[in-house]
Amino acid sequence: MLRRDPRPRIRTQAELDQLWRGWVRRRNEPPVGTTCLLVYADGRVTRSTVTFTDLDGPLDDGRQRRFVHWIRHLLDDDTAGWRIAFMIARPGAPVVGERDLAWATSLYVAARLAGVACEVVHLAAGNQVRPLPLDALPSHAFGH
């Protein structure tokens, strides 16, 4: 008999929202920083997340280059079919500010530079999780 893979699948924005909300709920307080989750082409997620507590704000050029290198190294430079999901977490009120938007923008750009598709970035703050979709971000950050 075949065993069913218990890992969640991310095929829709609602499934990603549910995954991040559950992840935050299982912790008293999510670690401040950037949490990453890799998603296979078929929507299955990898078995673990990685949280960078030193990536606690927008990435400057140097940190962005190192982060792009990390993503590509992790995927052995074979980014085809992979997606990456990010959740940024910070203390304070759940109001989305300019710094949050700049942080999310820098992650979208890093994913693009690494050649991997990016899920909608989420913000965890004040016991809430909310999406920061591309259309909420300044278009000039993407060269438009």
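Computed from a prediction, not measured in an experiment: that's the story for all the values here. (Residues numbered from 1 in each chain as written. Predicted model: local features only at pLDDT ≥ 70, side-chain atom pairs only at ≥ 80, totals over all residues. Heavy atoms only, no water.)

## Section: the side chain of Arg 90
- Positionally, Arg 90 belongs in the loop between strand 3 (83-89) and helix 3 (98-114).
- Residue classification places Arg 90 among the buried positions, given a relative accessible area of 15%.
- Once residues within four sequence positions are removed from consideration, Arg 90 is found in contact with Val 32, Val 95, Asp 100, Trp 103, Leu 123, Ala 124 and Ala 125. (Helix = DSSP H or I, 4+ residues; strand = E, 2+ residues; numbered from the N terminus. Buried < 20%, exposed > 50% of the residue type's maximum accessible area, 1.4 Å probe, protein only. Contact = heavy atoms within 4.5 Å.)

## Points about the environment of Gln 64
- Note on placement: Gln 64 falls in helix 2 (residues 61-74).
- Between the alpha carbons of Gln 64 and Trp 20 there is a distance of 23 Å; along the sequence they are 44 residues apart.
- Excluding residues within four positions of it along the chain, Gln 64 makes contact with Leu 59, Ser 106, Val 109, Ala 110 and Leu 113.

## Considerations on unusual backbone geometry
- The phi dihedral of Asp 77 falls on the positive side, at around 60 degrees, and the residue is not glycine.
- Looking at the secondary structure, you find Asp 77 in the loop between helix 2 and strand 3.
- Despite not being glycine, Asn 127 has its phi angle at roughly 60 degrees, a positive value.
- Along the polypeptide, Asn 127 turns up in the loop between strand 5 (121-125) and strand 6 (128-132).
- When its relative accessible area of 73% is taken as the criterion, Asn 127 is described as exposed.

## Some details on the pairing of strand 6
- Pairing of strand 5 with strand 6, which is carried by five bridges, proceeds in the antiparallel orientation. Among the inter-strand pairings, His 122 is bridged to a residue of strand 6, identified as Pro 131.
- Once strand 5 ends, the chain turns through two residues before running back antiparallel as strand 6, passing Gly 126 with a positive phi of about 55 degrees. (Pairing = 2+ DSSP bridges.)

## A short note on the nonpolar core
- If you look at the biggest cluster of nonpolar residues, it comprises 28 residues, and the most contacted ones within it are Phe 67, Ile 71, Ile 84, Phe 86, Leu 107 and Val 116.
- Of all the secondary structure elements, the ones that give two or more residues to this core are strand 1 (33-39), helix 2, strand 3, helix 3 and strand 5.
- For this core, the leading source of residues is helix 3, giving eight residues.
- Non-local contacts of Phe 86, meaning those with residues more than four positions away in its chain, are made with Trp 20, Thr 34, Thr 35, Cys 36, Phe 67, Ile 71, Leu 107, Ala 111, Cys 118, Val 120, Val 121 and His 122.
- By size, the runner-up hydrophobic cluster in this structure holds 14 residues, among which are Ile 10, Leu 37, Val 45 and Ala 89. (Core = buried A, V, L, I, M, F, W, Y, C linked by side-chain atoms within 4.5 Å.)

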